[in-house]
Amino acid sequence: MTPDSLRAALGGVPDPDWLDTALRRVTTEPTAITRLFPAAGRRCGRAALPDAPGWTADDAARVLLLVSLPGEHAAYAERLYQHGDAAERRAVLRALPLLPIGADGVPLLHDAIRTNDTRLVAAALGPYAQHLDQAAWRQAVLKCVFSGVPLATVADLDTRADSELTAMLAALAAERHAAGRELPADATDLLDRLTAALPREA
């Protein structure tokens, strides 16, 4: 999602005047975001956005607040993440690919992936996960399999999956099979695709 598409999807929020004022305010008074960011859920609601599948109103409003900052995006993202509740942390993670911060937000991904909150794990593996090194990314994919996060939420899954991830999934599948259990269906499908793409032995 782009900032413009998120703004359009928020056209029906309960208090549009508050959102417009808040977005203008952070452009001239960046520190105001520390008060406005938590308030977004109460003022914009938490309903799902029909025109932005997978997004809620508070998610989108908070992302737009971060995007509207005139600078210091990485510093504010870290501050809001560290002091936020789960919903606020998820919004920070979803904002990262829209912010001009390079790889500065990677420590937030590592923190989110360590949690047991599947919403944060899923948000951490969106488009900004391109900045994760391959070893950390593989472990995050396995975390999704273990914790039940749908693999459809993992950005660039098929293009980043490699032989090492294939071996890790195969080992996990064998371990579960021995215990009378199976991998989730999406993980089994991924393993089948990866195995089929392996070069055949002569």
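Above: the structure in question.
Once a new chain begins, its residue numbering starts again from 1 and follows that chain's sequence as written. Under the rules for a predicted model, residues below a pLDDT of 70 receive no local features and side-chain atom pairs below 80 are neither given nor counted, while totals for whole chains, interfaces and linings still include all residues. In computing side-chain properties, one takes all heavy atoms of the structure into account and sets aside hydrogens as well as water.

Quick look at the packing of helix α2 (residues 16–28) against helix α4 (residues 57–68)
Part 1: Helix axes use the C-alpha atoms of the stretch in contact, all axes being lines fitted to C-alpha atoms, and the angles between their N-to-C directions lie in the range 0 to 180 degrees. Counting from the N terminus, the helices are the DSSP runs of H or I reaching at least four residues and the strands are the DSSP runs of E reaching at least two. The geometry of α2 relative to α4 is characterised by a closest axis approach of 8 Å and an angle of 25° between their N-to-C directions. When the axes of α2 and α4 are compared, the pair comes out roughly parallel. α2 and α4 meet at a crossing whose hand is right-handed. Contacts between α2 and α4 involve Leu19, Ala22, Leu23, Val26 and Thr27 on the former and, on the latter, Ala61, Leu64, Leu65 and Ser68.
Part 2: A per-class count over the contact of α2 with α4 returns 7 nonpolar, 2 polar and no charged. With respect to orientation, any angle under 35 degrees is reported as roughly parallel, any angle over 145 as roughly antiparallel, any angle of 65 to 115 as roughly perpendicular, and every other angle as oblique. Crossing handedness is read from the near helix: turned anticlockwise from the far helix by less than a right angle, it gives a left-handed crossing, and turned clockwise, a right-handed one. Two residues form a contact once any of their heavy atoms are found within 4.5 Å. Following the grouping adopted for this structure description, the nonpolar residues are Ala, Val, Leu, Ile, Met, Phe, Trp, Tyr, Cys and Pro, the charged ones are Asp, Glu, Lys and Arg, and the polar ones are all others, Gly among them.

As for the packing of helix α3 (residues 33–44) against helix α5 (residues 73–83)
Axes are the key here: two packed helices are described by the angle between their axes and the distance separating the axes.
Part 1: Running from N to C, α3 and α5 point in directions that differ by 50°, and their axes come no closer than 11 Å. Comparing the axis directions of α3 and α5 gives the class oblique. The way α3 lies across α5 gives a crossing that is right-handed. Taking contact as the criterion, the partners of Ile33, Thr34 and Phe37 in α3 are, on α5, Tyr76, Arg79 and Leu80.
Part 2: Classifying every residue of the contact of α3 with α5 by side-chain character gives 4 nonpolar, 1 polar and 1 charged.

Side note on the environment of Ala74
Part 1: In this structure, Ala74 sits in helix α5.
Part 2: Each residue's exposure class comes from its accessible area (1.4 Å probe, protein chains only) as a fraction of the maximum for that residue type: buried when under 20%, exposed when over 50%, partly exposed otherwise. By relative accessible area, Ala74 is classed as partly exposed at 25%.
Part 3: Taking the C-alpha atoms as reference points, Ala74 and Gly105, separated by 31 residues in sequence, lie 6.5 Å from one another.
Part 4: If sequence neighbours within four positions are ignored, Ala74 has contacts with Ile101 and Asp104.

Regarding the side chain of Arg176
Part 1: Here Arg176 is to be found in helix α11 (residues 163–178).
Part 2: In this tally, Asp and Glu contribute negative charge and Lys and Arg positive charge; neither His nor the terminal groups of the chain are included. A side-chain nitrogen of Lys or Arg and a carboxyl oxygen of Asp or Glu constitute a salt bridge if their distance falls within 4 Å. One buried charged residue, Arg176, remains without a salt bridge, the closest side chain of opposite sign being Glu175 at 6.2 Å.
Part 3: Beyond its immediate sequence surroundings of up to four residues, Arg176 is in contact with Val145, Phe146, Arg181, Glu182, Leu183 and Pro184.

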